[in-house]
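# Geometric and topological summary
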Amino acid sequence: MKNIYVTVALVLAGLLGAGGLIWFTKTGGDLPPREAQVATQDAAAVVATLRAGATAITRGQLDAQIQGLANNPQIQIPDVGQVEARTQFERTVLDQMIGGMLFLDEAKRQGFTADDAAVDSEFATLTAQYESPAAFEAALAASQLNEESLRENIRNQLITAQ
(Lines give C-alpha, C1' and ligand atoms only; values in the text may rest on other atoms or scores of the structure.)
Protein backbone atom coordinates (compact mmCIF):
# COMPACT_ATOMS: atom_id res chain seq x y z
CA MET A 1 0.00 0.00 0.00
CA LYS A 2 2.92 2.36 0.76
CA ASN A 3 4.21 1.82 -2.79
CA ILE A 4 0.98 3.24 -4.15
CA TYR A 5 1.32 6.28 -1.89
CA VAL A 6 4.94 6.78 -2.89
CA THR A 7 4.01 6.50 -6.60
CA VAL A 8 1.20 9.01 -6.14
CA ALA A 9 3.56 11.29 -4.22
CA LEU A 10 6.15 11.12 -7.00
CA VAL A 11 3.57 11.92 -9.66
CA LEU A 12 2.14 14.72 -7.52
CA ALA A 13 5.58 16.17 -6.82
CA GLY A 14 6.44 16.07 -10.52
CA LEU A 15 3.19 17.74 -11.50
CA LEU A 16 3.48 20.37 -8.79
CA GLY A 17 7.11 21.03 -9.68
CA ALA A 18 6.18 21.41 -13.34
CA GLY A 19 3.27 23.62 -12.33
CA GLY A 20 5.61 25.77 -10.25
CA LEU A 21 7.97 26.11 -13.19
CA ILE A 22 5.08 27.00 -15.51
CA TRP A 23 3.85 29.58 -13.00
CA PHE A 24 7.39 30.92 -12.62
CA THR A 25 7.78 31.19 -16.40
CA LYS A 26 4.33 32.64 -17.13
CA THR A 27 4.65 35.31 -14.45
CA GLY A 28 7.75 36.59 -16.20
CA GLY A 29 9.90 35.10 -13.48
CA ASP A 30 13.20 35.33 -15.26
CA LEU A 31 16.00 34.65 -12.87
CA PRO A 32 18.06 37.73 -12.20
CA PRO A 33 21.14 37.55 -14.43
CA ARG A 34 24.08 36.23 -12.42
CA GLU A 35 26.37 39.02 -13.52
CA ALA A 36 23.90 41.56 -12.08
CA GLN A 37 23.86 39.59 -8.83
CA VAL A 38 27.63 39.61 -8.65
CA ALA A 39 27.56 43.39 -8.63
CA THR A 40 25.03 43.57 -5.77
CA GLN A 41 26.05 40.36 -3.95
CA ASP A 42 22.37 39.96 -3.01
CA ALA A 43 22.19 36.34 -1.98
CA ALA A 44 18.93 37.12 -0.18
CA ALA A 45 17.07 37.97 -3.41
CA VAL A 46 14.08 35.62 -3.76
CA VAL A 47 14.01 33.68 -7.04
CA ALA A 48 10.97 31.46 -6.32
CA THR A 49 8.31 30.93 -3.68
CA LEU A 50 6.33 27.85 -2.68
CA ARG A 51 3.34 27.13 -0.50
CA ALA A 52 1.59 30.42 -1.25
CA GLY A 53 4.71 32.37 -0.39
CA ALA A 54 5.41 30.58 2.88
CA THR A 55 8.73 29.22 1.61
CA ALA A 56 11.18 31.12 -0.52
CA ILE A 57 14.21 29.98 -2.49
CA THR A 58 16.86 32.67 -2.50
CA ARG A 59 19.58 33.44 -5.01
CA GLY A 60 22.08 32.27 -2.40
CA GLN A 61 20.37 28.89 -2.03
CA LEU A 62 20.27 28.46 -5.80
CA ASP A 63 23.94 29.41 -6.08
CA ALA A 64 24.82 26.97 -3.28
CA GLN A 65 22.97 24.18 -5.10
CA ILE A 66 24.82 25.02 -8.33
CA GLN A 67 28.12 25.12 -6.42
CA GLY A 68 27.37 21.66 -5.06
CA LEU A 69 26.77 20.44 -8.60
CA ALA A 70 30.07 21.98 -9.71
CA ASN A 71 31.84 19.35 -7.61
CA ASN A 72 30.40 16.63 -9.85
CA PRO A 73 32.68 16.10 -12.87
CA GLN A 74 29.78 14.62 -14.87
CA ILE A 75 27.83 17.88 -14.81
CA GLN A 76 28.81 20.65 -17.17
CA ILE A 77 27.75 24.01 -15.77
CA PRO A 78 27.53 26.79 -18.37
CA ASP A 79 29.75 29.79 -17.70
CA VAL A 80 27.99 33.02 -16.66
CA GLY A 81 29.06 34.50 -19.99
CA GLN A 82 26.78 32.01 -21.78
CA VAL A 83 23.67 33.86 -20.63
CA GLU A 84 20.98 31.78 -22.35
CA ALA A 85 22.52 28.39 -21.48
CA ARG A 86 23.26 29.50 -17.91
CA THR A 87 19.70 30.80 -17.40
CA GLN A 88 18.24 27.52 -18.69
CA PHE A 89 20.58 25.54 -16.43
CA GLU A 90 19.57 27.66 -13.42
CA ARG A 91 15.88 27.16 -14.24
CA THR A 92 16.42 23.40 -14.37
CA VAL A 93 18.22 23.40 -11.02
CA LEU A 94 15.49 25.58 -9.53
CA ASP A 95 12.80 23.23 -10.82
CA GLN A 96 14.62 20.29 -9.23
CA MET A 97 14.86 22.17 -5.94
CA ILE A 98 11.11 22.89 -6.03
CA GLY A 99 10.28 19.29 -6.90
CA GLY A 100 12.54 18.02 -4.12
CA MET A 101 10.89 20.29 -1.56
CA LEU A 102 7.42 19.22 -2.61
CA PHE A 103 8.39 15.54 -2.58
CA LEU A 104 9.92 15.88 0.90
CA ASP A 105 6.77 17.62 2.16
CA GLU A 106 4.60 14.81 0.82
CA ALA A 107 6.83 12.13 2.33
CA LYS A 108 6.68 13.86 5.72
CA ARG A 109 2.91 14.27 5.38
CA GLN A 110 2.65 10.51 4.84
CA GLY A 111 4.61 9.91 8.03
CA PHE A 112 8.03 9.00 6.70
CA THR A 113 10.82 9.89 9.11
CA ALA A 114 14.52 9.33 9.68
CA ASP A 115 15.74 8.63 13.19
CA ASP A 116 18.81 10.26 14.70
CA ALA A 117 20.77 6.99 14.71
CA ALA A 118 20.40 6.61 10.93
CA VAL A 119 21.45 10.24 10.39
CA ASP A 120 24.46 9.78 12.70
CA SER A 121 25.47 6.60 10.87
CA GLU A 122 25.32 8.25 7.45
CA PHE A 123 27.17 11.30 8.79
CA ALA A 124 29.93 9.05 10.19
CA THR A 125 30.20 7.28 6.82
CA LEU A 126 30.66 10.63 5.08
CA THR A 127 33.23 11.96 7.53
CA ALA A 128 35.24 8.72 7.31
CA GLN A 129 35.85 9.42 3.62
CA TYR A 130 38.14 12.34 4.52
CA GLU A 131 41.71 12.00 5.72
CA SER A 132 41.22 14.43 8.61
CA PRO A 133 38.55 16.49 10.35
CA ALA A 134 40.13 19.59 8.80
CA ALA A 135 39.72 18.14 5.30
CA PHE A 136 36.08 17.38 6.06
CA GLU A 137 35.50 20.93 7.35
CA ALA A 138 37.14 22.33 4.22
CA ALA A 139 34.84 20.22 2.03
CA LEU A 140 31.83 21.48 3.97
CA ALA A 141 32.93 25.07 3.55
CA ALA A 142 33.54 24.57 -0.18
CA SER A 143 29.98 23.25 -0.49
CA GLN A 144 28.66 26.20 1.52
CA LEU A 145 27.41 23.86 4.25
CA ASN A 146 27.94 23.44 7.95
CA GLU A 147 27.52 20.30 10.06
CA GLU A 148 23.93 21.16 10.98
CA SER A 149 22.81 21.77 7.39
CA LEU A 150 24.58 18.59 6.24
CA ARG A 151 22.77 16.57 8.90
CA GLU A 152 19.46 18.09 7.79
CA ASN A 153 20.26 17.21 4.17
CA ILE A 154 21.07 13.64 5.22
CA ARG A 155 17.79 13.41 7.17
CA ASN A 156 15.82 14.68 4.16
CA GLN A 157 17.55 12.21 1.82
CA LEU A 158 16.79 9.33 4.17
CA ILE A 159 13.14 10.38 4.36
CA THR A 160 12.70 10.63 0.59
CA ALA A 161 14.56 7.36 -0.02
CA GLN A 162 11.91 5.35 1.85
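Since we're looking at a predicted model, the values are computed, not measured. Per chain, the residues get numbers from 1 upward, laid out in the order the sequence is written. Only residues with pLDDT of 70 or above have their local features reported here, since the model is predicted, and side-chain atom pairs are shown and tallied only from 80 upward, although totals for entire chains, interfaces and linings are computed over all residues. Just so you know, side-chain values use all the structure's heavy atoms and leave hydrogens and water out.

## Some points on the nonpolar core
As a reminder, the rule being used: Residues enter a nonpolar core if they are buried and are Ala, Val, Leu, Ile, Met, Phe, Trp, Tyr or Cys, with the set joined through side-chain atoms within 4.5 Å. Exposure is judged per residue with a 1.4 Å probe applied to protein chains only, and the accessible area is read against the type maximum: over 50% gives exposed, under 20% gives buried, and values in between give partly exposed. Helix and strand labels come from DSSP, where a helix needs a run of H or I of at least four residues and a strand needs a run of E of at least two; each type is numbered from the N terminus.
Core analysis: the largest hydrophobic core is formed by 13 residues, its most contacted members being I57, L62, V93, L94 and I98. Those elements that provide at least two residues to this core are β1 (46-50), α3 (59-70) and α4 (83-109). A per-element tally of this core places α4 first, with six residues. Grouped together as the second largest cluster of nonpolar side chains are eleven residues, L104, F123, L140 and I154 included.

## Things to note about the side chain of T58
Formally: Polar contacts, as counted here, are pairs of nitrogen or oxygen atoms within 3.5 Å of one another; within protein the pair requires one atom able to donate a hydrogen and one able to accept it, and residues that are adjacent in sequence qualify only if both atoms are side-chain atoms. In what follows, a contact means two residues having at least one pair of non-hydrogen atoms within 4.5 Å.
Within the element layout of this structure, T58 appears in strand β2 (residues 55-58). You can call T58 buried: its relative accessible area is 19%. For T58, the side chain forms a polar contact with the main-chain oxygen of A43, separated by 3.4 Å. Residues within four places of T58 in sequence aside, it is in contact with A43, A44, A45, V46 and V47.

## Description of the pattern of salt bridges
Here is the rule: Every case where a carboxyl oxygen of Asp or Glu lies within 4 Å of a side-chain nitrogen of Lys or Arg is listed as a salt bridge.
Tallied over the entire structure, the rule returns seven salt bridges. Of the charged contacts, one joins D63 and R59 as a salt bridge, the two residues approaching to 3.1 Å between their closest N and O atoms. Of this pair, D63 and R59 both sit in helix α3, four residues apart, which is roughly one turn of the helix. With a shortest N-O distance of 2.7 Å, D116 and R155 are connected by a salt bridge. Residue D116 is located in helix α5 (residues 116-127), and its partner R155 is located in helix α7 (residues 147-160); the two are separated by 39 residues in the primary sequence. Counted as one network, the salt bridges with shared partners bring together R59, D63, R86 and E90.

## Quick look at the packing of α5 against α7
Our working rule: Only the stretch in contact is used when a helix axis is fitted, and all axes are lines through C-alpha atoms; the angle between N-to-C directions ranges over 0 to 180 degrees. By the definition used in this description, the sense in which the near helix is turned from the far one sets the handedness, with an anticlockwise turn below a right angle giving left-handed and a clockwise turn giving right-handed. Throughout this entry, Asp, Glu, Lys and Arg are counted as charged residues, while Ala, Val, Leu, Ile, Met, Phe, Trp, Tyr, Cys and Pro are counted as nonpolar. The remaining residues, Gly among them, count as polar.
α7 packs onto α5 with a crossing angle of 115° between their chain directions and a minimal axis gap of 9 Å. For the element pair α5 and α7, the recorded crossing hand is right-handed. Facing α5, whose interface residues are D116, A118, V119, D120, E122, F123 and L126, α7 presents E147, L150, R151, I154, R155 and L158. Per-class residue counts for the contact of α5 with α7 are seven nonpolar, no polar and six charged.

## Side note on the packing of α3 against α4
For clarity, the threshold we go by: Angle categories are assigned with fixed cut-offs, so that under 35 degrees is roughly parallel, over 145 is roughly antiparallel, 65 to 115 is roughly perpendicular, and the rest are oblique.
Where α3 contacts α4, the two axes come as close as 10 Å, and the packing angle between them is 100°. Relative to α4, the element α3 lies roughly perpendicular. Along its contact with α3, which presents R59, Q61, L62, Q65, I66 and L69, the element α4 presents R86, F89, E90, V93, L94 and M97. For the contact of α3 with α4, a count of residues per class yields seven nonpolar, two polar and three charged.

## A closer look at the pairing of β1
Going by this rule: Any two strands are treated as partners once DSSP identifies two or more bridges connecting them.
As defined by bridge partners, β1 adjoins β2 across four bridges and the pair is classed as antiparallel. Bridge pairing in β2 links A48 to I57. Counted along the chain from β1 to the antiparallel partner β2, the turn is four residues long, and its residue R51 has a positive phi close to 55°.

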